[in-house]
Each structure stands twice: as structure tokens, then as C-alpha cells.
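# Understanding the architecture of this molecule
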Amino acid sequence: MSGLSRRQFLTRATALAAFTGVDLTILGAALAAADEPFDGPSTLAQTILQGTRGSKSYRVLTAGPGEPYIPRLDVLRRSPNAARSSSRRSLLYLGHLSDLHVIDAQSPGRIEPMIEQDHAAWGSAFHPQDPLTVHVTAAMVKSFADLRFSPLTGAPMGVAIVTGDSADMHSHLELRWYIDILDGIGVRPTSGSGSTFEGVQAWSEAEWAYRPGDPTGGSFGDYGFPRLPDLLQQATAETVQSVGMPVPWYAVYGNHDTLLLGTFGLNSQLRALATGGRKAYTLEATASSALNGYAATGSVLGRAIDALGVQLGGRSGFRDVPADQARYLFEQHTFMAEHFRTAPTPSPIGHGFTQRNLDTGETWWKADWSPRVRAFGLDTCNQVAGPDGAVPDDQFRWLADELEIAQAEKRLVVVLSHHNSLTLENRATRPGHDQKLHGADEFVDLLLKYPVVVGWLNGHTHLNQILAHTNATGGFWEITTASCIDFPQQQQVVEIVDNRDGTLSLFTTVLDHASPVTPGSSGGYLDLASQSRELAANDWAETPLIRRGSPLDRNTELLLPAPFDMELITDAELEAQHLTERARVIGHAEREPR
């Protein structure tokens, strides 16, 4: 099959130069270059591992060897064609982010002292690296920009997806910070007065916390966490200038974007705490303010009295902090609406959500990511309680209808959700709400009915994991990526490849964020992101080493049968798609600060 003619190429290049604002001479030369494997930074070249222990249990990190792609035949179930590497062509190269957990560490709405009750059970309430999440997210965005061309085929990145848990504690500030960092807008990660860090990690009374100015005492000091007297000031003093995602990015809900700490419903007590001027630093104060708020939900008067008790200082275990209305806890609809307050590039406005979503309140969407790849973004989050999810019947039936259409139109399908097949069993409902919630078995069976479904991308469990779902004739791949809060703080790129032999391959490549292995002392966002990764690697309550997954969950080639004749996708169609994608990432690189 032939590609674009010279006239078609020149016409398209001229239009793309006007669209991107890149000089036609520069863009034309770049577009004419042949795709070659891109030698960008990824775990193909280098991994980051725990090093030796210091005087106690704390470990620094060290560079390890890269990891090559490992072929997996669980779905194909036969030996692949050894010559496929010489004939393959890229259908779509995309970025997959999940569980960014952007945190306002100074918010009075956080419940950090709960780790005193049970560190393992409440580990997500407090991490030593909490003030550094904006820096980590910006460093991860830079990794995607650095690997904007495929390390396998050289194809340009076309799109990216964020599969939920972007705002850690339901704060409007956290929501805005995450969107702005992905859009390439500078963020100063502080709240309250903005001049001094006002949080448990700066207070000597909070001996249970990691306090970088003086970590002695408490379990973190005993473990050997380092003294970093400038860390909190460095974390909040400067605006983090993100390079922004190089491609259009899309988003779905996570449980942390739906419930408080991804588990609890919102109440008046918590809303008052979040914007108020009193922050708890003891277990007793936190339990009384958070849990009494639920007990007080029986009457309007009870809720008002409970909220007033904290604000007037009627309880011990609190310290005064500057109040900040920007910390308010957002509503479910606000999550979608804020995605419309976005920069025109990298686009799209709404990031998957449309005006229909805003008008109807539906929290799921579909989008064509290329002429032959269609994405379905689902909301699997339980609206009542609990971190795990399920698929509501209205979404289940909608998706079934849409998959029928995609199968008839011969569109490859990628399904997107926050929860994975191991965490789709939460059927909690409110009294009077009888909509069926579908679990993992029913959902997987639905996807298996349609051979055009090639991948299901998700997150939630903060680890790298790849599962094969099969039937008699084939199946699809479920790809779960790690998080940006817990070690190894990794995300991934996925490339859908036509092997031109009746098979497809999904290549997964794990990315570390673009920070040095060993943190420096500059106070810049990359050094602070590196420090975050090292702290996370020592947060024993979060079982850091397990979250890397096995080699079969990281850099892989996931083979499966092609669901239709791939020759229907012409070379000219693919070339036109890649020209647009290449022009977009070149335009991003031209705008990127140097």
C-alpha cells in the first residue's frame, strides 16, 4: 500500500504549519524524516532500585540495568512470527498516567494523624513525601514530553489518558494544580498564607510524622529518615514550571476524585475543616473532627454545632493555621467542569468530558483517538462508600451498545477506568437506589464478546500489573499502571502495533519521572521529585518493592489476534495521522522552555 503523494504531503504540511505556528521549513523537514526508534529516557535503558542500607533501615536509591521487552503469548497462544519486527507499523502511541494524588499537604481537611491508629490501614492518609506531589507530577509530565516519540517505532505520541485519583483529598486546589501541571501552567504548591509551611511536618508536637527539620523520635526517625531542614521551604517557595503534556490528554474519575480519601462521603464538618483555620495534629482531634462529623449528620443543628466547635477552638489537638477558601471540597460535577477551565493546548477542552456530560451529569464518555482507535472512558467509582468500585448498569448497557457499533465499524477499542478487575466488587448503594452494579466477572465477559477490544487501561492499586483475559478465540489485555505517590512512582506508554501478519502487539514501556536517581540540593522541582521517590521507597507501610510488579508487568510485548483485516487501515491513512501527531509534538517542543 502506498502512502501520501508528494502533493498531499505538501498540502497537509502547510496546513499543519498554520495550525501549530511552527515555521513551514522547520516543520516540513521534521515531517519528512523517516520514523526511527527514539533513544529517549525510559526503563528500557535504566531502572531505579533500592541501594544498601545506611546506619538504620533507610535506603538510598541506585541506578540499575534497563529491561528489554518481554513477549507475552497468553492471549495469542501460539508462537509469533519471528519476522514481525521488520514489518510492523504503529497504529497509536499513547501515554498512560494514573493515581497522581496531587496533595495540598497544609490543608486542615487532611486526616494525617490517623496513621497513629494503624499505619498500614491508614497509610494513604500520610506519606513522608506529601508536600512534593506537584513536583513529582511535573517531573512525570516531563518524562512524557521527553519520550514523545516511540522508543520502538519512532512514531509520535498521539494522546494520553489519566485513569483517575488525580486530586488526593478532594480539594479544589489539588484539582486545579493537577490540571494546570498537565496543561503546562506554573503552580506554586502552597495554600493558606503561602509564606510559611503550616502543617504537621513542621510541628514538633506531631512526633508521629516525618518532620524533615528534625526527624528524631517516632517511627520515621527510628527508621532512619534523613534530616532535610530546607525541604518544606523548598517545596513551597517557588512556582513549579511544568513543560505540559505534549499531546491531547483525557481523564476519568477515580475514587479519590469522588469520595474523601477515596472512601468516605463528604459532610459539613469536613467541609468546614478544609477551608477553616484549625488543623489537627493528634489522633484524638482528628478522630473527633472527622468521625463526629458523620455522627452529627442526623440534624441540621447537630452539623452546625459540630462544625462550629472546631472553628471556635472548642477542642484540643488543633493548631491555628491561615484559613483558605480555595481549599474547598469540590462536588462531583465540579470535577468535570474544571476540566473545561483549561489551556487551548494540549487540548481537548473538557479532556474527554463534553457539554452533554455537564448537562446530563453523566460521568462517562467516548472519543476517537485516531481514525481506527476508539476509547471509552468509564466512571467505576462507588458514590456511597469504600475505595473499590463497580460498573453501574446504565454505563454497562451504554458500553454494550457502543461496542456493537465499534465491532461493526471495525474500530479497535481501548477501555479506560480507574478500577481494575481485582477491585470491581463494591456494590454499596443508598437506600432507595436500586440500579444494578456489575462486578468484574460480568464486565470482563462483556468485553470478551467483542474482538475489537484490545486493551483495558486502569490504575487504583498503585502497582504495575498486566493480566490476560481470554476466551476460545482470543481475548484482550488489562494493563494497570503504578502511581505517582508510592514507590516506584512510575507511569507508562503503550503502543498499538500492527504486525501485518494477522496479529497485533501492545507494547508497554514503564517510565520513571525525569529526575535524577540521587536527589540534589538545588531545590528545583526535579531534585525535589527525586527526593520524593527516595522517601517513598522507604515508606515501609506502603510495601514499596511489591509495587514495581514482576518483569512480566513492566516492559512487554502483548500479542493478540487481529480482530479484522488490518489492511483496511491504509498506509496513506496512517501517514496522515502520524503527520498530524508529529506536527503537534514538534509544536510542543518549539514552545517548551529551554
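As annotated in an unreviewed UniProt entry, the protein is TIGR03767 family metallophosphoesterase from Antrihabitans spumae.

Another point: the packing of aromatic side chains. The description of an aromatic ring pair rests on the distance of the ring centres and on the angle between the ring planes. Tallying each qualifying case throughout the model produces 22 aromatic pairs. Taken together through their ring pairs, the aromatic side chains of Tyr58, Phe126, Trp208, Tyr210, Phe220, Tyr223, Phe225 and Trp540 make up a single cluster.

Before going further, it helps to spend a moment on the state of the cysteines. Counted according to the given criterion, the structure contains zero disulfides. Here Cys381 stays free of any disulfide, with the sulfur of Cys484 as its closest cysteine sulfur at 18 Å. By relative accessible area, which is 5% here, Cys381 ends up buried. Exposure remark for Cys484: the relative accessible area of 1% places this residue in the buried category.

Next up on the list: the packing of helix H3 (residues 133-146) against helix H14 (residues 525-537). As a packed pair, H3 and H14 sit with axes 8 Å apart at the nearest point and diverge in direction by 110°. In terms of axis orientation, H3 runs roughly perpendicular to H14. Across the interface between the two elements, His135, Val136, Ala138, Ala139 and Lys142 of H3 pack against Tyr525, Leu526, Leu528, Ala529 and Ser532 of H14. Residue composition of the contact of H3 with H14, by class: seven nonpolar, two polar and one charged.

On to the packing of H3 against helix H4 (residues 172-183). It is at 9 Å that the axes of H3 and H4 come closest, and there the two elements cross at 25°. Here H3 is positioned roughly parallel relative to H4, judged by the angle of their axes. Here the hand of the crossing between H3 and H4 comes out right-handed. Side by side, H3 and H4 meet where Val134, Thr137, Ala138 and Val141 of the first sit next to Trp177, Ile181 and Leu182 of the second. Taken together, the residues that form the contact of H3 with H4 break down as six nonpolar, one polar and no charged.

Structurally, Thr480 is set in strand E16 (residues 475-480). Here Asn458 takes part through its side chain, which lies 2.5 Å from a polar atom of the side chain of Thr480. Leaving out residues up to four positions away in the same chain, Thr480 has contacts with Asn420, Asn458, Gly459, Thr461, Leu463, Asn464, Gln465 and Gln492.

Another aspect to go through is unusual backbone geometry. Cis geometry is found at the peptide bond from Thr345 to Pro346, where omega equals 15°. By the element assignment, Pro346 lies in the loop between helix H10 (332-338) and helix H11 (355-360). Here the residue pair Phe487 and Pro488 is connected by a cis peptide bond, since its omega of 15° sits within 30 degrees of zero. For Pro488, the location among the structural elements is in the loop between E16 and strand E17 (490-498). Although it is not a glycine, His351 sits at a positive phi angle of roughly 50°. Along the chain, His351 falls in the loop between H10 and H11. Looking at His351, the relative accessible area reads 0%, which means it is buried.

This next bit is on the environment of Arg77. Counting through the fold element by element, Arg77 comes out in the loop between strand E3 (70-72) and strand E4 (89-97). Taking the relative accessible area as the measure of exposure, Arg77 reaches 45% and is therefore partly exposed. Spatially, the C-alpha atom of Arg77 lies 42 Å from that of Thr345, the residues being 268 residues apart in sequence. Once residues lying within four places of it in the same chain are set aside, the contact partners of Arg77 are Thr470, Asn471, Ala472, Thr473 and Gly474. Reaching out from Arg77, the side chain makes a polar contact with the backbone oxygen of Val75 at a distance of 3.3 Å. Separated by 2.6 Å, the side chain of Arg77 and the backbone oxygen of Asn471 make a polar contact.

Membership of the largest hydrophobic core comes to 99 residues, with the highest contact counts inside it found for Tyr178, Trp365, Trp369 and Phe443. The dominant element in this core, judged by the number of residues it contributes, is H3, at eight residues. Aside from chain neighbours lying at most four places away, what touches Tyr178 is Leu100, Val102, Val162, Ser166, Trp249, Ala251 and His339. In terms of nonpolar packing, the next biggest core, distinct from the first, is built from 34 residues, Met114, Met169, Trp208 and Ala285 among them.

Next up on the list: the pattern of salt bridges. For the structure shown, the criterion picks out 34 salt bridges. Of the charged contacts in the structure, one is a salt bridge between Glu67 and Arg548, with a shortest N-O distance of 3.7 Å. In this pair, Glu67 is assigned in the loop between strand E2 (59-65) and E3 and Arg548 in the loop between H14 and strand E19 (556-561), connecting sequence segments 481 residues apart. A single burial state applies to Glu67 and to Arg548, both of which are buried. We note a salt bridge from Glu573 to Arg372, for which the minimum N-O separation is 3.9 Å. Pair noted here: Glu573 is in helix H15 (residues 571-591) and Arg372 is in the loop between strand E9 (365-370) and strand E10 (373-377), with a separation of 201 residues, a long-range link. According to the relative accessible area criterion, Glu573 is partly exposed, its value standing at 22%. Connected through shared salt-bridge partners, Arg110, Glu112, Asp130, Asp168, Glu174 and Lys279 make up one network.

Note: α-helices contain 3.6 residues per turn, so residues at a spacing of three or four share the same orientation. Compared with an ideal rise of 1.5 Å per residue, which puts twelve residues at 16 Å, H4 spans 17 Å between its outermost C-alpha atoms and is within 8% of the ideal. By the criterion of burial, H4 is predominantly enclosed, with twelve of the twelve residues buried. Three or more residues of H4 are buried, namely His172, Leu173, Glu174, Leu175, Arg176, Trp177, Tyr178, Ile179, Asp180, Ile181, Leu182 and Asp183. Where H4 is buried, its residues meet H3, strand E5 (159-162), strand E6 (249-251) and H10. Two to three positions downstream of the cap, the backbone nitrogen of Leu173 sits 3.1 Å from a side-chain oxygen, assigning the N-cap of H4 to Ser171.

Attention now goes to the pairing of E10. The element E10 is extensively covered by neighbouring structure, given that five of its five residues are classed as buried. Of the two faces of E10, the one lined by Val373, Ala375 and Gly377 and the one lined by Arg374 and Phe376 are each fully buried. Inspection of the sheet shows E9 paired to E10 by five bridges, in the antiparallel sense. Counted as the bridge partner of Lys366 is Phe376 from E10. Connecting E9 to the next strand, E10, in antiparallel fashion are two residues. Where E10 lies against strand E12 (residues 412-416), five bridges are found, and the strand directions are parallel. Its bridge partner being in E12, Arg374 is matched across the sheet by Val413.

About the criteria used
- Residues numbered from 1 in each chain as written.
- Predicted model: local features only at pLDDT ≥ 70, side-chain atom pairs only at ≥ 80, totals over all residues.
- Heavy atoms only, no water.
- Phe/Tyr/Trp six-rings, centres within 6.5 Å; stacked < 30°, edge-to-face > 60°.
- Disulfide = S-S within 2.5 Å.
- Buried < 20%, exposed > 50% of the residue type's maximum accessible area, 1.4 Å probe, protein only.
- Axes fitted to C-alpha atoms, helices over the stretch in contact; angles between N-to-C directions.
- Helix = DSSP H or I, 4+ residues; strand = E, 2+ residues; numbered from the N terminus.
- Parallel < 35°, antiparallel > 145°, perpendicular 65-115°, else oblique.
- Contact = heavy atoms within 4.5 Å.
- Nonpolar A, V, L, I, M, F, W, Y, C, P; charged D, E, K, R; others polar.
- Left-handed = near helix turned anticlockwise from the far one by under 90°.
- Polar contact = N/O pair within 3.5 Å; in protein donor to acceptor, adjacent residues only side chain to side chain.
- Core = buried A, V, L, I, M, F, W, Y, C linked by side-chain atoms within 4.5 Å.
- Salt bridge = Lys/Arg side-chain N within 4 Å of Asp/Glu carboxyl O.
- Expected span 1.5 Å × (residues − 1).
- Pairing = 2+ DSSP bridges.

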